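A look at the structure
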Amino acid sequence: MGNDQSTMVAPDELLARFDARTAAGDAIEAKDWMPDAYRKHLVRQMSQHAHSEVIGMQPEGNWVTRAPSLRAKQILLAKIQDEGGHGLYLYSAAETLGISRDEMIHQLHSGKAKYSNIFNYPTLNWADIGAIGWLVDGAAIVNQVSLQRTSYGPYSRAMVRICKEESFHQRQGYEIMTYMMRGTAEQREMAQDAMNRWWWPSLMMFGPHDGDSPHSADAFKWKIKRHTNDELRQKFIDKTVPQAELIGLKVPDADLKWNEEKQSYTYGKINWDEFHRVINGNGPCNKQRMEHHIKVHNDGAWVREAATAYKNKQNAQKTNLN
Ligand code: BYC
């Protein structure tokens, strides 16, 4: 795909112009010429991002019928709907790169496309909903604030809107954790248990350490990424540890220490074997998440068919009138 330019200018010259534009920090738009590798990189990352938003509805959906109050239930429902909305903006933004929604869903169902490691863990108690909002959305915001300045225009604009909603999600999660820490001994234990289970997988959300991140070189060259995986992970840790301490939660890392010189925390070793196991389909809930998505997608086929038939009928009527 390309615009009129591409038929008149030599490929080397197109690439040189593209590199100059990304180096200068220009936004690339859907109709601009772009190298295939840039398009592929974005389709991979944006579809993974969209799938994460949608699959992320499942662990939270598990608690809608068991939310402890009507207020909590309303907030949780609103949050889950937001996540579905984020998935839809991101699928639409990815479609501008020439891939169809059907193809993206097919890639998810066949295992070709990944989604965030974090959504393959179970939500065992109500505090898990607090931990997801606080830690998972908190990690996502750090990553997504940086992506607001990504070089592809439709992706960057989707991020601006998504970040506004994510900050509400992060606060509702922290509020749940705060209330539980002010509650009974059992409630405090539940909150700490959720913290223990979600902390490390949240750190893994930022991806492998910089030296082990195969896509980072291209991502930096084209300004898709503005910060490294480790820079963002560090930012998240530095921001989150004081929040945990403030409400009396212990971060489950014996090696966590404040480094006065660096003005940031040093932290323990991340279990990358676990990360690779989970992103390659063998986490605690991968099978369940995918089976549910496939079932719901198949059950909803008639809705998509009806909507397409209605649209085709309207188009035919317009043609007849012309
Ligand atoms: N999970 O070279 P690297 C939300 C893969 S949802 C799974 O560093 P890159 C929410 C990576 O794909 C928001 N896989 O890759 C929703 C690659 O494998 P492939 C979720 C991961 O792309 C509901 C390989 O590891 N946020 O907020 O330069 C409820 C090497 O990695 C992960 C996003 O999706 C992972 N965590 O950097 C609550 C952010 N990390 O593709 C909340 C958008 C790495 O070669 N994505 N891999 O097979 C990104 O910013 C980047 O893609 C990443 C990875 C930083 C994640």
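Look above for the structure.
Description of the structure in this document.

Reading guide: rules and limits
Residues numbered from 1 in each chain as written. Predicted model: local features only at pLDDT ≥ 70, side-chain atom pairs only at ≥ 80, totals over all residues. Heavy atoms only, no water. Core = buried A, V, L, I, M, F, W, Y, C linked by side-chain atoms within 4.5 Å. Buried < 20%, exposed > 50% of the residue type's maximum accessible area, 1.4 Å probe, protein only. Helix = DSSP H or I, 4+ residues; strand = E, 2+ residues; numbered from the N terminus. Contact = heavy atoms within 4.5 Å. Salt bridge = Lys/Arg side-chain N within 4 Å of Asp/Glu carboxyl O. Near = heavy atom within 4 Å. Polar contact = N/O pair within 3.5 Å; in protein donor to acceptor, adjacent residues only side chain to side chain. Areas by Shrake-Rupley, 256 points an atom, 1.4 Å probe, with all protein chains shown as cover. Axes fitted to C-alpha atoms, helices over the stretch in contact; angles between N-to-C directions. Left-handed = near helix turned anticlockwise from the far one by under 90°. Nonpolar A, V, L, I, M, F, W, Y, C, P; charged D, E, K, R; others polar. Expected span 1.5 Å × (residues − 1).

Attention now goes to the nonpolar core. The biggest cluster of nonpolar side chains holds 51 residues, and the ones touching the most others in it are Trp126, Met177, Trp198, Trp199, Phe236 and Leu249. A total of 10 residues in this core trace back to one element, the largest contributor, which is helix H7 (residues 126-147). Aside from chain neighbours lying at most four places away, what touches tryptophan 199 is Leu135, Phe236, Ile237, Thr240, Val241, Val251 and Pro252.

So, on to the pattern of salt bridges. This structure, assessed with the given rule, holds 15 salt bridges. Linking glutamate 60 and lysine 79 is a salt bridge whose minimum nitrogen-to-oxygen distance equals 2.8 Å. Taken together, the residues glutamate 60 in helix H4 (residues 57-61) and lysine 79 in helix H5 (residues 70-95) connect sequence positions 19 residues apart. Neither glutamate 60 nor lysine 79 differs from the other in exposure class; each is buried. Among the ionic pairs, lysine 295 bridges to aspartate 299, the shortest N-O distance being 2.7 Å. Pair noted here: lysine 295 and aspartate 299 are both in helix H13 (residues 286-299), with a separation of four residues, about one helical turn. By relative accessible area, aspartate 299 is classed as partly exposed at 43%. Each of Glu60, Lys79, Glu83 and Asp137 takes part in one network of salt bridges that share partners.

On to the site of the ligand. What surrounds the ligand is a group of 35 residues, the closest being Gln48, Lys114, Ser213, His215 and Lys225. At a separation of 3.0 Å, an oxygen atom of the ligand approaches a polar side-chain atom of arginine 44. With respect to the ligand, the side chain of glutamine 48 contributes an N or O atom lying 2.8 Å from an oxygen atom. Its free accessible area being 1,000 Å², the ligand has 92% of it covered by the protein chains. When residues of the shell around the ligand are traced back to their parent elements, those giving at least two are helix H3 (36-55), H5, H7, helix H8 (153-181) and helix H12 (272-282).

A few words now on the packing of H7 against helix H9 (residues 185-204). Two elements in contact, H7 and H9, have axes separated by 9 Å at closest approach and are oriented at 35°. Once H7 is placed against H9, the crossing between them reads as right-handed. Of the residues in H9, those touching H7 at Trp126, Ala127, Asp128, Ala131, Ile132, Trp134, Leu135, Val136 and Ala139 are Met190, Ala191, Ala194, Met195, Arg197, Trp198, Trp199 and Ser202. When its residues are assigned to classes, the contact of H7 with H9 shows 14 nonpolar, one polar and two charged.

What follows is about the side chain of aspartate 137. Tracing the sequence through the fold places aspartate 137 in helix H7. Using a relative accessible area of 4% as the deciding quantity, one classes aspartate 137 as buried. In this structure the side chain of aspartate 137 is engaged in a polar contact, spanning 2.8 Å, whose partner is the side chain of lysine 79. Excluding residues within four positions of it along the chain, aspartate 137 makes contact with Lys79, Glu83, Ile132, Glu166, His169 and Gln170.

Time to look at H3. Three- or four-residue spacings in an α-helix give side chains the same orientation, since the helix completes a turn every 3.6 residues. The terminal C-alpha atoms of H3, which comprises 20 residues, lie 28 Å apart, in line with the 28 Å expected from a rise of 1.5 Å per residue. In terms of residue burial, H3 counts as a mostly covered element, since 15 of its 20 residues are buried.

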